Amino acid sequence: MKKVYENAEAALYDIADGNTIMLGGFGLCGIPENCIAELVKKGTKDLTCISNNAGVDDFGIGLLLKKKQLRKMVASYVGENAEFERQLLSGELDVELIPQGTLATRCMASGYGMPAIFTPAGVGTEVAEGKETREFHGKEYLLEYAFDSDFALVKAWKGDRYGNLIYKETARNFNPLMAMAGKITIAEVEELVEPGQLNPNEIHTPGIYVHRIFLGEHYEKRIEQKTVRTS
Amino acid sequence: MLDKNQIAQRIAKELKDGYYVNLGIGIPTLVANYIPEGINVILQSENGLLGMGPFPLEGEEDADLINAGKQTITTLPGSAFFDSAMSFGMIRAGKVDLTVLGAMEVSETGDIASWKIPGKMVKGMGGAMDLVASAKNIIVAMMHTNPKGQSKLLTKCVLPLTGIKCVKKIVTDLAVIEVTDKGFRLLERAPGISVDEIKGKTEGKLIVDMDIPEMDFSVS
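Not measured: the values here are computed from a predicted model. (Residues numbered from 1 in each chain as written. Chains lettered and ligands numbered in written order. Predicted model: local features only at pLDDT ≥ 70, side-chain atom pairs only at ≥ 80, totals over all residues. Heavy atoms only, no water.)

Structural notes on the overall build of chain B
Part 1 of the reasoning: The helix and strand tally for chain B stands at five helices and 15 strands.
Part 2 of the reasoning: Its C-alpha atoms give chain B a radius of gyration of 17 Å, within 12% of the compact-globule value 17 Å for 220 residues.
Part 3 of the reasoning: Seen along its three principal axes, the alpha-carbon backbone of chain B occupies a region of about 50 × 45 × 30 Å.
Part 4 of the reasoning: Considering chain B as a whole, with its 220 residues, one finds that 53% of them fall into the buried category.
Part 5 of the reasoning: By sequence separation, contacts in chain B at least 24 residues apart represent 60% of the contacts at least 6 residues apart.
Part 6 of the reasoning: Of the accessible surface of chain B, which amounts to about 9300 Å², a share of 52% is contributed by carbon and sulfur atoms. (Helix = DSSP H or I, 4+ residues; strand = E, 2+ residues; numbered from the N terminus. Rg over C-alpha atoms; globule rule 2.2 N^0.38 Å. Buried < 20%, exposed > 50% of the residue type's maximum accessible area, 1.4 Å probe, protein only. Contact = heavy atoms within 4.5 Å. Areas by Shrake-Rupley, 256 points an atom, 1.4 Å probe, with all protein chains shown as cover.)

Quick look at the confidence of the model for chain B
Part 1 of the reasoning: For chain B, the average pLDDT comes to 95, and 99% of its residues sit at 70 or higher.
Part 2 of the reasoning: The ipTM, which scores confidence in the relative placement of chains, is 0.95 for this predicted complex, and the corresponding pTM is 0.95. (pLDDT = per-residue confidence, 0-100.)

A look at the interface of chain A and chain B
Part 1 of the reasoning: Every contact between the two is made by 50 residues of chain A and, on the other side, 49 residues of chain B.
Part 2 of the reasoning: Interface area, chain A with chain B, both sides summed: about 4100 Å², of which 59% is carbon and sulfur.
Part 3 of the reasoning: Our count for the chain A to chain B interface comes out at six salt bridges.
Part 4 of the reasoning: Taking the shortest distance from any N to any O, the salt bridge between Glu 58 of chain B and Lys 226 of chain A comes out at 2.6 Å.
Part 5 of the reasoning: Elements supplying a minimum of two residues to the side of chain A that touches chain B: α4 (82-90), α5 (100-111) and α6 (175-181) of chain A.
Part 6 of the reasoning: With six residues, the single largest contributor to the side of chain A that touches chain B is α5 of chain A. (Buried area = accessible area lost by both parts, 1.4 Å probe. Salt bridge = Lys/Arg side-chain N within 4 Å of Asp/Glu carboxyl O.)

Things to note about helix α3 (residues 84-92) of chain B
Part 1 of the reasoning: Along α3 of chain B, the residues that are buried comprise Ser 84, Ala 85, Ser 87, Phe 88, Met 90 and Ile 91 of chain B.
Part 2 of the reasoning: Among the structural elements, α5 and α6 of chain A together with β1 (20-23), β2 (42-45), β3 (49-52) and α4 (128-134) of chain B are those in contact with the buried residues of α3 of chain B.
Part 3 of the reasoning: At the N-terminal boundary of α3 of chain B, the capping side chain belongs to Asp 83 of chain B, with an oxygen 2.9 Å from the backbone nitrogen of Ala 85 of chain B. (Polar contact = N/O pair within 3.5 Å; in protein donor to acceptor, adjacent residues only side chain to side chain.)

Observations concerning the pairing of strand β7 (residues 133-136) of chain A
Residues and elements named next belong to chain A.
Part 1 of the reasoning: Across four bridges, the pairing between β7 and strand β8 (residues 139-145) is antiparallel. Pairing of Thr 133 across the sheet is with Leu 142, part of β8.
Part 2 of the reasoning: Hairpin remark: β7 followed by β8, antiparallel, with two residues in the connecting loop; positive phi at His 137, about 45 degrees. (Pairing = 2+ DSSP bridges.)

What to know about the sheet that holds strand β11 (residues 153-154) of chain B
Residue and element names in this part refer to chain B.
Part 1 of the reasoning: The three strands are arranged β7-β6-β11 in an open sheet whose pairing can be described as mixed. Edge positions in the sheet fall to β7 (112-113) and β11, since each has one partner strand and no second.
Part 2 of the reasoning: Bridge analysis of strand β6 (residues 105-107) against β11 gives two bridges, and the strand direction is parallel. For Val 106, the partnering residue across the bridge sits in β11 and is Leu 153.

A few points about unusual backbone geometry
Comment: phi is negative for the bulk of residues other than glycine, and the bulk of peptide bonds are trans.
All names here are of chain A.
Part 1 of the reasoning: Positive phi outside glycine occurs at Asp 46, with the angle close to 60 degrees.
Part 2 of the reasoning: Here Asp 46 is to be found in the loop between α2 (33-42) and β3 (47-50).
Part 3 of the reasoning: The phi angle at Lys 221 is positive, at roughly 45 degrees, despite the residue not being glycine.
Part 4 of the reasoning: Along the chain, the position of Lys 221 falls in the segment after β12 (212-215).

Overview of the sheet that holds strand β10 (residues 138-141) of chain B
Residue and element names in this part refer to chain B.
Part 1 of the reasoning: Taken in spatial order, the 10 strands make up an open sheet running β4-β3-β2-β1-β5-β10-β12-β13-β14-β15, and their pairing is mixed. Here the strands that pair on one side only, and so sit at the sheet edges, are β4 (75-81) and β15 (206-207).
Part 2 of the reasoning: The pairing of strand β12 (residues 169-171) with strand β13 (residues 175-180) spans three bridges and is antiparallel. Its bridge partner being in β13, Lys 169 is matched across the sheet by Glu 178.
Part 3 of the reasoning: Relative to the sheet, α3 contacts β1, β2 and β3, its axis offset from that of β2 by approximately 125 degrees. (Axes fitted to C-alpha atoms, helices over the stretch in contact; angles between N-to-C directions.)

Quick word on the packing of aromatic side chains
For any pair of aromatic rings, the description consists of the separation of the ring centres together with the inter-plane angle of the planes.
All names here are of chain A.
Part 1 of the reasoning: Taken as a whole and judged by the stated rule, the model has two aromatic pairs over all chains.
Part 2 of the reasoning: Ring geometry for Phe 118 against Phe 136: centres 5.0 Å apart, planes inclined by 70 degrees, an arrangement best described as edge-to-face. In this pair, Phe 118 sits in strand β6 (residues 116-119) while Phe 136 sits in strand β7, placing the two residues 18 residues apart along the sequence.
Part 3 of the reasoning: Classification of Phe 118 as partly exposed rests on a relative accessible area of 36%.
Part 4 of the reasoning: Since its relative accessible area comes to 29%, Phe 136 is described here as partly exposed.
Part 5 of the reasoning: Centroid distance Phe 136 to Tyr 141: 5.6 Å. Interplanar angle 80 degrees. Geometry classified as edge-to-face.
Part 6 of the reasoning: Ring pairs connect the aromatic residues Phe 118, Phe 136 and Tyr 141, which therefore count as one cluster.
Part 7 of the reasoning: The ring of Tyr 5 carries the charged tip of Lys 2 above its face, separated from the ring centre by 4.3 Å.
Part 8 of the reasoning: A cation over a ring is seen here: Lys 155 above Tyr 219, with NZ or CZ 4.2 Å from the ring centre. (Phe/Tyr/Trp six-rings, centres within 6.5 Å; stacked < 30°, edge-to-face > 60°. Lys NZ or Arg CZ within 6 Å of the ring centre and 35° of its normal.)

Section: the environment of Lys 168 of chain A
Part 1 of the reasoning: Structurally, the position occupied by Lys 168 of chain A is in the loop between β10 (165-166) and α6.
Part 2 of the reasoning: Using a relative accessible area of 22% as the deciding quantity, one classes Lys 168 of chain A as partly exposed.
Part 3 of the reasoning: Note: C-alpha distance between Lys 168 of chain A and Val 123 of chain A (45 residues apart in sequence) is 34 Å.
Part 4 of the reasoning: In this structure Lys 168 of chain A touches Trp 157 of chain A together with Asp 62 and Asp 64 of chain B, once residues within four positions along its chain are discounted.

Shown next, in the form of structure tokens:
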């Protein structure tokens, strides 16, 4: 099986204008930095991007936004990116804001072969508009559909040639779920090893979900809010 | 009236040993600084961590280890990492004992508006809708009035809702109030604050059916 690619450029060869892409990460933590840089370099446009946040003005998804490569964003919180909020308020960018748990679980449902889920998040709010509801045990739930995407770009800590992935600390977040939901899942990793070098007990994403993998480089791992205590 | 730290300190008195707790960004995060002596509370961070520890020392920050507010943090013995679906799974399944979050408005029926000011501030709801739709016990930490001096405790919320009929208790700079099926009910007042002042600044229905004690900040 040939899943290993040389770099982001090789792995993203067929991403095209108008595609829907999922991007892992929470804030700037666990974002696929190499894939994002490659998209910026390629200039692929009219993208629909599904990701929890929108990065900051000059890093992460913010870079795609600056170059106006996005047609639509599906996210749960875009507050760290002032340019984003501005484009949203001015109507330049189509934005769909959805509850964070709903975002995560809709990706998971896709990877679990379930077409839809019921969730209480958003009942009684504008999120519920136009959606079917159903009552279970006297409580109201919204029907939300699984979503997949043309591409899921995820970041992991370690991966092997079969696509098995292990994530680190809170850089895990949406990555495992989006990995399950991509029609084509591309993983960038900090360490790429031979099959057998990862303990099967410790694998977070089994390789069956991963189509392409490459060894990433030059991770900046920017910290959004460096916060320390005095001893 | 209370400052942010004192509001947090009063809320911390609601913590019980063994509680799993989610603290929202803003004033709620300060509750972690006032966990009573001898009580073990496990803090859940919605981005995938149980057992959130204190901020790191200078030079020990780890970019892969942050909280829901994107601040660098540490872990504690017994911490566990998991993905975002499991995080909201445990929240929706009612495993989290207490949720503390801020708000812009709360109604006398327990509705909460905390995420959007149309045309001005649309940052997104993040995890708030999941939390308020599922949490067993929700405490709102907020100022009693907004910067324009208008009451934030209303008959009906005007701003877009985060959730309906979900808030149980509110701690403001002036009072501790519970939400009952008959409206807001005053439980405690901040030191030096009169019941009349609280009534004057509460637009929604406020029930005062007992002698209202001052909040007690003594360490028991």
